[in-house]
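For reference, the chains in residue letters:
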Amino acid sequence: MSTENVAILHDRFPTIGGSETFAIEAAKVLDSPVYTMYIDDSVQIPDTVEVRTIRQSKYMGGVSGRLLKWRNGGMNPFESASVAFDMTEGVDELSEYDVLLESGPLSKYYVPDTNQRIVHYPHSPPRWLYDLFRNRMKRLDYPGIAFGARVYAKIWRALDKEAVDYVDTFVGNSELIRDRIRRYYARDAEVVYPPITGDWRNEGDDGYFLTWSRLDPEKRIDLIVEGFQDLDERLIVAGDGEQRQKLERMANGHDNIEIRGFVEDIESLAARATAVVYAPRQEDFGLVGAEALSAGKPLIGVNEGFTRYQIEKGITGLTFEANVESLRDTVRSFDPTQFDSDEIQEFAERYSYEEFEDGLREVVLDGSQRFEESDT
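Just so it is clear, the model here is predicted, and its values are computed rather than measured.

Take the sheet that holds strand β7 (residues 189–191) next. One key point about sheets: their strands pair by backbone hydrogen bonds, in either a parallel or an antiparallel sense. Strand order in the open sheet made by the 7 strands is β3-β2-β1-β4-β5-β6-β7, with parallel pairing throughout. What marks the edges here is a single partner per strand, and that holds for β3 (51–53) and β7. Pairwise comparison of adjacent strand axes, ignoring direction, gives a mean angle of 25 degrees for this sheet. Helix α1 (residues 18–30) contacts β1 (6–10), β2 (34–36), β4 (99–103) and β5 (117–121) of the sheet and is inclined by roughly 175 degrees relative to β1.

What follows covers the packing of aromatic side chains. For the coordinates displayed, the defined rule picks out 18 aromatic pairs. When the centroid spacing of 5.5 Å and the interplanar angle of 80 degrees are considered together, the rings of Phe285 and Tyr351 count as edge-to-face. Residue Phe285 is found in the loop between β11 (275–278) and α11 (287–294), and its partner Tyr351 is found in the loop between α13 (341–347) and α14 (353–375); the two are separated by 66 residues along the sequence. Look at Tyr351 and you get buried, because its relative accessible area is 1%. Here Phe334 and Phe339 contribute two aromatic rings whose centre-to-centre distance is 5.4 Å and whose plane-to-plane angle is 25 degrees, an arrangement assigned as stacked. As far as burial versus exposure is concerned, Phe334 and Phe339 are alike and both buried.

Even without being a glycine, His123 presents a positive backbone phi close to 75 degrees. Residue position: His123 is located in the loop between β5 and α5 (133–138). Of note in the backbone geometry, Gln282 takes a positive phi value of approximately 45 degrees without being a glycine. For Gln282, a relative accessible area of 28% translates into the label partly exposed.

A volume near 190 Å³ is recorded for the second largest pocket. Of all the elements in the fold, those that place two or more residues in the lining of the second largest pocket are β7 and α14. In the lining of the second largest pocket, the residues fall into 5 nonpolar, 2 polar and 5 charged.

This brings us to the sheet that holds strand β10 (residues 257–261). Read across the open sheet, the 6 strands follow the order β10-β9-β8-β11-β12-β13; overall the sheet is parallel. The open sheet has two edge strands with one neighbour each: β10 and β13 (317–320). Taken over all neighbouring pairs, the strand axes of this sheet differ in orientation by 20 degrees on average, direction set aside. Judged from the 4 bridges that link them, strand β12 (residues 299–302) and β13 form a sheet pairing that is parallel. Within the sheet, the bridge partner assigned to Ile300 lies in β13 and is Leu318. Across the sheet, α11 touches β8 (208–212), β11 and β12, and the angle it forms with β11 is around 170 degrees.

Here is what the cut-offs are and how they apply
Residues numbered from 1 in each chain as written. Predicted model: local features only at pLDDT ≥ 70, side-chain atom pairs only at ≥ 80, totals over all residues. Heavy atoms only, no water. Pairing = 2+ DSSP bridges. Helix = DSSP H or I, 4+ residues; strand = E, 2+ residues; numbered from the N terminus. Axes fitted to C-alpha atoms, helices over the stretch in contact; angles between N-to-C directions. Contact = heavy atoms within 4.5 Å. Phe/Tyr/Trp six-rings, centres within 6.5 Å; stacked < 30°, edge-to-face > 60°. Buried < 20%, exposed > 50% of the residue type's maximum accessible area, 1.4 Å probe, protein only. 1 Å grid on protein atoms, 1.4 Å probe; cavity = no way out; pocket = protein on both sides within 12 Å on 5 of 7 lines; lining within 4 Å. Points joined across faces, edges and corners; volume = space filled by probe spheres on them. Nonpolar A, V, L, I, M, F, W, Y, C, P; charged D, E, K, R; others polar.

Given below as structure tokens:
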């Protein structure tokens, strides 16, 4: 199977996040074009990757573009529904490919030709429909809105299950996502970790703890900031998002806590850190954790989601429960001299770009050969 018969189908590019980065890197590895519903005007695609849009004018111009303008990083429910339905039509060019590597949960709504093989890398089954459903419903205070949201979710869940039938091979970005695919879709999945890119390195210890991510509630940076309010240790928070002002208010009056906002060269900041603290809610994979380990830094991570799988106690870091007191106790007990940066980086080799290349080629190209042989 030659790579010219493979295309990447990513649902859309409202921003550059983990799933968009995966689609771009997969295109480089497989030397394949990327098809997507649209690219937001603010998104910069590398010149080395060819991205072909399917409905760019609908989502970025005219009356429909204005109606769908509030994309919220791809979280507008009306925009999501529109992308899903448009994905069922695709474009005629897609039928020319023997294999489609689909990236993002909405890409599986594409209806393939009979002889096409579909490899689906969902990043996660839609969490608001499954493992986070009850948590999201609790946020809705008005009975009428809550009822409507439940009906909407039930319809979406039925459509989501139906689209699973189009997929030949599922690929999870971690063992945790593999288990979710098994639980919610009753299908097995291969595991290919997403690639760690950047110049991650260890340049010593300047005596500060570091955390970075989007500053939204799911990342629970507020828990970390609150934990350090009563500690003598220095904390630097990097990133931007909806909770930035809240975090700045929390840090006010605490000289040991610094909210820096977006930091372009996060690798250099990590290179001089004592350790990285990470507390996301049921993280699917967690690039921050993998990047921290790639820099040879101990990871003080919450004991849930895939984060707990990234930590071998006393070797790559320490875990804490998702509460302030547990975090404080863990930081107080942390001794950086007990950790070997070389050993941490050796553990992190499983997240290397080379491992990603080998794993992706095996599941897409070698898997296609096995798929063809099973049909003969």
